[in-house]
Amino acid sequence: MTTSQDLRADLAASTLHSSLVDPALESMNFLNEIASRYPDAISFASGRPCEQFFDVALIHSYIDAFCDYLATERGYSPAQVSRLLFQYGKTKGIIGELVAKYLEKDEDIHVDPEAIVVTVGYQEGIFAVVRALRADERDVLLAVSPSYVGLTGAAKLADMPVWPVSGGTEGIDLEDLAAQTRRARAAGLRPRACYVMADFANPSGVSMPVPLRHQLLEVAAREDLLLIEDNPYGTFHDGPHLPTLKALDTSRQVIYIGSFAKVGFPGARVGFTIADQVVSGADGKIGLFADYLSMIKSMVTVNTSAVSQAVIAGKLLRCEFSLARANVRETATYLANMRQLLAGLQARFPATADRAKQVTWNSPSGGFFAVVTLPFAADDELMEYSAREHGVLWTPMSHFYAGQGGTHQARLACSQLTSEEIETGLNRFAALVADRLG
Ligand SMILES: Cc1ncc(COP(=O)(O)O)c(C=O)c1O
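Figured I'd write up the structure that's included with this text. (Residues numbered from 1 in each chain as written. Predicted model: local features only at pLDDT ≥ 70, side-chain atom pairs only at ≥ 80, totals over all residues. Heavy atoms only, no water.)

## Looking at the site of the ligand
The environment of the ligand is made up of 13 residues, and the closest members are Tyr122, Asn202, Asp230, Tyr233 and Ser259. Within the backbone of Gln123, one N or O atom sits 3.1 Å away from an oxygen atom of the ligand. Contacts to the ligand include Tyr233, whose side-chain N or O atom sits 2.6 Å from an oxygen atom. About the coverage of the ligand: the protein hides 90% of its 400 Å² of free accessible area. Of the pockets mapped on this structure, the ligand occupies the largest pocket. Residue composition of the shell around the ligand, grouped by class: six nonpolar, four polar and three charged. (Near = heavy atom within 4 Å. Polar contact = N/O pair within 3.5 Å; in protein donor to acceptor, adjacent residues only side chain to side chain. Areas by Shrake-Rupley, 256 points an atom, 1.4 Å probe, with all protein chains shown as cover. 1 Å grid on protein atoms, 1.4 Å probe; cavity = no way out; pocket = protein on both sides within 12 Å on 5 of 7 lines; lining within 4 Å. Sits in = over half its atoms within 2 Å of the grid points. Nonpolar A, V, L, I, M, F, W, Y, C, P; charged D, E, K, R; others polar.)

Encoded structure:
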């Protein structure tokens, strides 16, 4: 943000919405600002998708594929195809049926397309969900901590307080979930839902084992809690594909927020929300939660860009609805990078009996992120020093905690780096650690 002393202030930030002076919303700015100051630094901070498979020609061919499909499978005239792409469109989106087919094929999730809202990325979906669930000051959202800044920021914008639930070692501590739910209720509050990432969570990299997924659904049912499942990285796995919570959900307990940012590409800004919960209206009419989210969307973005939806739809058609198959090369790249990162940490930080020098890390079997625990504070100051003196960027884990937490941890992302960059970046990271340990 500009901080020039020469400018006369017209507005005081303290008079704007409270989220705008909240560190949760400043976090992204801070990291981007450091990255822009040290453009030659190797970045383990950015969780962007790899770029070697991007090809502008694909965008054209995906749009063509969607137009062909409309003409041949749906019987659209040329004028109808043009109208669909050029005009304002249905708020819920124009590709719900194709998204439903992808969910069936890749995720074994079976939903009525009417329960799907196509959104501007995950980010619009999570905003609409928390906005809808925040009816008054009694409503709170539980969220596994540490959690993604996109969730914390959206909750701030919607004035929804977030109550942290311990992630434990496996992705969620169920005892803490039950305890926090009861504590909130005892305080006269209404915990509306718990936000979770079952697969390769951002930032922790942790995935929930299958029995824990079943138990989580049981606890949620017992405590009468909705679950909000966020799953942008599940496709990039080693070994068997674990069922999502939504695939295991038999009682419409799970609101599922999907994103095509990583399995498609982020420039399209397309995501979707499955909201098949049945809502009884004030007038006695029954509707889907998706219809209510769509009402919010109609006042935020009107509809997701038809052109962007056409591109994603074309990609879905081209890969016969299996983005797992469409992403075979990307998945291989991400897994190779993760293996190299973990092996590189092992080579540079051998186990030591001296706890004051011990560096440890977790070992995700996929996704974009791993977490390193250091024998010293890994705060913003150290991150800036690391960029300036050692040419390597990473994310302090404290950014993902509402209060204290992650003070000695760094999140390392390896999705966008080449093999050489990972090696050089790790050498620089090891030099930073050696520097700090004296
Ligand atoms: C946890 C998490 N959820 C969702 C997304 C995707 O968000 P969007 O679709 O808004 O780009 C990301 C991307 O960084 C993420 O890390």
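## Details of the layout of surface pockets
Over the atoms rolls a probe the size of a water molecule, and in doing so it shows where empty space is left. In this structure, the largest pocket encloses a volume near 1,100 Å³. Lining the largest pocket are 41 residues, with Met28, Ser46, Gly47, Arg48 and Lys262 positioned closest to its centre. Secondary-structure elements contributing two or more residues to the lining of the largest pocket are helix H1 (23–37) and helix H5 (121–133). A per-class count over the lining of the largest pocket returns 22 nonpolar, 13 polar and six charged. What the second largest pocket holds in volume is close to 620 Å³. Lining the second largest pocket are 39 residues; nearest its centre among them are Thr169, Ser204, Gly205, Val206 and Ser207. Contributions of two or more residues to the lining of the second largest pocket are made by strand S3 (139–145), strand S5 (190–196), strand S11 (360–361) and strand S12 (369–373). Its residues placed into classes, the lining of the second largest pocket shows 17 nonpolar, 20 polar and two charged. (Points joined across faces, edges and corners; volume = space filled by probe spheres on them. Helix = DSSP H or I, 4+ residues; strand = E, 2+ residues; numbered from the N terminus.)

## Side note on the packing of aromatic side chains
The geometry of two aromatic rings is summed up by the distance between their centres and the angle between their planes. Scanning all chains against the criterion turns up 13 aromatic pairs. Seen from their ring centres, Tyr122 and Tyr148 are 5.6 Å apart, and the 55° between their planes marks the pair as tilted. Of this pair, Tyr122 sits in helix H5 while Tyr148 is found in the loop between S3 and helix H6 (149–157), placing the two residues 26 residues apart along the sequence. Their ring planes at 90° and their centres at 6.3 Å tell us that Phe349 and Phe429 sit as a pair that is edge-to-face. Highlighted residues: Phe349 in the loop between helix H13 (328–348) and S11 and Phe429 in helix H15 (residues 419–436), separated in sequence by 80 residues. Here Phe429 falls in the buried class, since its relative accessible area comes to 0%. Members of the aromatic cluster, joined through ring pairs, are Tyr233, Phe236, Tyr334, Phe368 and Phe369. One cation-aromatic arrangement involves Arg436 over Tyr385; the distance from NZ or CZ to the ring centre is 5.2 Å. (Phe/Tyr/Trp six-rings, centres within 6.5 Å; stacked < 30°, edge-to-face > 60°. Buried < 20%, exposed > 50% of the residue type's maximum accessible area, 1.4 Å probe, protein only. Lys NZ or Arg CZ within 6 Å of the ring centre and 35° of its normal.)

## A short note on the nonpolar core
Judged by nonpolar contacts, the single largest core of 71 residues is most densely connected at Phe66, Tyr102, Leu103, Ile116, Ile228, Phe260 and Phe272. Of all the elements, helix H11 (residues 306–318) adds the most residues to this core, at seven residues. Leaving out residues up to four positions away in the same chain, Ile116 has contacts with Lys92, Gly96, Val99, Ala100, Leu103, Val111, Phe272, Thr273, Ile274 and Ala290. Listed in part, the 35 residues of the second largest apolar core include Ala41, Ala370, Leu393 and Ile422. (Core = buried A, V, L, I, M, F, W, Y, C linked by side-chain atoms within 4.5 Å. Contact = heavy atoms within 4.5 Å.)

## Examining H15
Under the 1.5 Å per step criterion, the end-to-end length of H15 is 26 Å for 18 residues, consistent within 8% with the ideal 26 Å. Burial in H15 covers these residues: Ile422, Gly425, Leu426, Phe429, Ala430, Leu432 and Val433. Projected down its long axis, H15 shows its buried positions confined to an angular sector of 155°, all on one face. In this structure, the buried side of H15 is in contact with strand S1 (42–43), H13, S12, helix H14 (380–390), strand S13 (392–393) and strand S15 (409–413). Among the residues trailing H15, Gly438 stands out with phi positive, at a value near 75°. (Expected span 1.5 Å × (residues − 1). Arc of directions from axis to C-beta.)

## Considering the pattern of salt bridges
Where charged atoms from two side chains of opposite charge come close, those side chains can pair. Taken as a whole, this structure holds 23 salt bridges when the rule is applied. A salt bridge links Glu33 to Arg37, with the nearest nitrogen and oxygen atoms 2.9 Å apart. On the criterion of helical spacing, the pair formed by Glu33 and Arg37 is a turn pair, its members being four residues apart in helix H1. In this structure, Asp291 and Lys92 form a salt bridge, with 2.7 Å as the shortest nitrogen-oxygen distance. Of this pair, Asp291 sits in helix H10 (residues 289–300) while Lys92 sits in the loop between helix H3 (78–86) and helix H4 (96–107), and the two are 199 residues apart along the sequence. You can call Lys92 buried: its relative accessible area is 7%. Each member of the salt-bridge network shares a partner with another, and the members are Glu33, Arg37, Glu384, Arg388 and Glu389. (Salt bridge = Lys/Arg side-chain N within 4 Å of Asp/Glu carboxyl O.)

All we've got here are geometric facts, nothing functional implied.
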